[in-house]
Amino acid sequence: MTGIATHLHAPSSMNTTKNGVRFVHMIAPVLALIYPFSLQGFHFFVTPKTVGLSVAAWVGATCSLLAAFLVPLIALTVAVHLSRQPATSIGARRGRRIAYLAVASPPLFTFIGVLMFLVGNPVSDVLLYCGLWIALLSGILVGGSRPISESSGTNLTAKLRVSHGAVAAAVLALFLLAHIGNHMFGLVGSDAHIAVMKDLRQIYRNFVFEPLLLIGFLYLIGSGALMAWRFAGSETDGFRALQVASGIYLLFFLVSHINAVLVLARTILGIDSDWGFATGAPTGLIHDAWNIRLLPLYVLSVFFALTHPLLGARVVMLNHGKNRDFADKFVVIGATLAAVSSVVIILGMCGLRLAFV
């Protein structure tokens, strides 16, 4: 764990050039471009027609799904690397910000898919998604070596940072931990999950609590977007870069999730956003060409939702004189538990069940 923390603090060893765009700035948007195709590849290898290939199908499906997860993870690595270096050109700073954005490929692709469905699919969601990334890639190249004329500092008021943290802590304590815990009952079965959900909804669907919760989420989206824009344009350490990247992911996940639940499910389709809606019943997450995008979306959303507040707590610890090594280990241990939780939840959503004798 100390080794991971040291890596997040360590300076970059890659060669840099004076101004201009380098190859590293192009990695994240290029990878983001292939994200939908990795999911399509997985679906191809798990279709009944292909399953007969046996070993080849397993290898192909595994590699395709791994590629889907590697897109945001490699983008995160690139963002951490670029965050340790001063951006001396417009192209370089755009490349850094776009690397952060590429971490949010799963919720961004999902949001575009739901949005296209809501407006009648006038354009393929894959085409629109890829067009967006081609435009962003072009933006890096157009920026090129032109020097930065305006400041991109992190001159954020203390009130904004404190209020964002306070609202996030309230949402975590009053809703998110119980909501994530509810999803763990999926390992027991859908009936167990629904039973717990019905009890919790007596509070969360309350006519007072639900609007307040929605207002809290909207505030986190707005304040988080402002802070993410500022910090993503500035040089920082690896832990802060991970905090910014996870925040950007959660920002797009919240926008996508609120749109799917409140607009698509409740308003347009008139259905309950229950276990069946979340798991893409009756087809499920694995064997549906559209639903498979929800698998990496859910895994990383749980991980980042639990890790992001830990990174915020680390900043508070350091500001109050706590030992840096202790604060770093606190994050690494917490992130490990978050990863385990996300795997447990997705296994339940994909059909794994615990048998009690």
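Look above for the structure.
Everything quoted here is computed from the prediction, not taken from an experiment.

A. Focus on the nonpolar core. The biggest cluster of nonpolar side chains holds 89 residues, and the ones touching the most others in it are Tyr100, Tyr129, Trp133, Phe217, Tyr298, Phe304 and Met349. Non-local contacts of tyrosine 129, meaning those with residues more than four positions away in its chain, are made with Ala32, Tyr35, Pro36, Ser105, Leu108, Phe109 and Ile112.

B. Structural context of the packing of aromatic side chains. Under the counting rule described, the total for this entry stands at 9 aromatic pairs. Seen from their ring centres, tyrosine 204 and phenylalanine 209 are 5.5 Å apart, and the 35 degrees between their planes marks the pair as tilted. Summarising the burial analysis for this pair, tyrosine 204 and phenylalanine 209 share the class buried. Following the ring pairs from residue to residue traces out a cluster consisting of Tyr35, Phe109, Tyr129 and Trp133. Of note, arginine 97 hangs over the ring of tryptophan 229, and the distance from its end group to the ring centre comes to 3.7 Å. Over the face of the ring belonging to phenylalanine 231 we find arginine 240, whose NZ or CZ atom lies 4.6 Å from the ring centre.

C. Just the packing of helix H11 (residues 238-269) against helix H13 (residues 294-319), in detail. Two elements in contact, H11 and H13, have axes separated by 8 Å at closest approach and are oriented at 135 degrees. By the angle class used here, H11 and H13 are oblique. Considering how the two elements wind past one another, H11 and H13 form a crossing that is left-handed. The segment H11 lies against H13, with Phe239, Arg240, Leu242, Gln243, Ser246, Gly247, Tyr249, Leu250 and Phe253 engaging Pro296, Leu297, Leu300, Ser301, Phe304, Ala305, His308, Leu311, Gly312, Arg314 and Val315. Residue composition of the contact of H11 with H13, grouped by class: 12 nonpolar, 6 polar and 2 charged.

D. Structural context of the pattern of salt bridges. Tallying each qualifying case throughout the model produces 7 salt bridges. Among the ionic pairs, arginine 201 bridges to aspartate 272, the shortest N-O distance being 2.9 Å. Of this pair, arginine 201 sits in helix H9 (residues 190-204) while aspartate 272 sits in the loop between H11 and helix H12 (275-278), and the two are 71 residues apart along the sequence. Residue arginine 201 is classed as buried on the basis of its relative accessible area of 17%. Exposure remark for aspartate 272: the relative accessible area of 34% places this residue in the partly exposed category. One salt bridge connects aspartate 328 with arginine 314, and the closest N-O pair in it is separated by 2.7 Å. Separated by 14 residues along the polypeptide, aspartate 328 in helix H14 (residues 324-349) and arginine 314 in helix H13 bring together distant segments of the chain. When its relative accessible area of 3% is taken as the criterion, aspartate 328 is described as buried. On the basis of relative accessible area, arginine 314 is assigned to the buried category, the value being 4%. If you follow the salt bridges from partner to partner, you end up with Arg201, Arg205, Glu210, Arg266 and Asp272 in one network.

Analysis parameters
Residues numbered from 1 in each chain as written. Predicted model: local features only at pLDDT ≥ 70, side-chain atom pairs only at ≥ 80, totals over all residues. Heavy atoms only, no water. Core = buried A, V, L, I, M, F, W, Y, C linked by side-chain atoms within 4.5 Å. Buried < 20%, exposed > 50% of the residue type's maximum accessible area, 1.4 Å probe, protein only. Contact = heavy atoms within 4.5 Å. Phe/Tyr/Trp six-rings, centres within 6.5 Å; stacked < 30°, edge-to-face > 60°. Lys NZ or Arg CZ within 6 Å of the ring centre and 35° of its normal. Axes fitted to C-alpha atoms, helices over the stretch in contact; angles between N-to-C directions. Helix = DSSP H or I, 4+ residues; strand = E, 2+ residues; numbered from the N terminus. Parallel < 35°, antiparallel > 145°, perpendicular 65-115°, else oblique. Left-handed = near helix turned anticlockwise from the far one by under 90°. Nonpolar A, V, L, I, M, F, W, Y, C, P; charged D, E, K, R; others polar. Salt bridge = Lys/Arg side-chain N within 4 Å of Asp/Glu carboxyl O.

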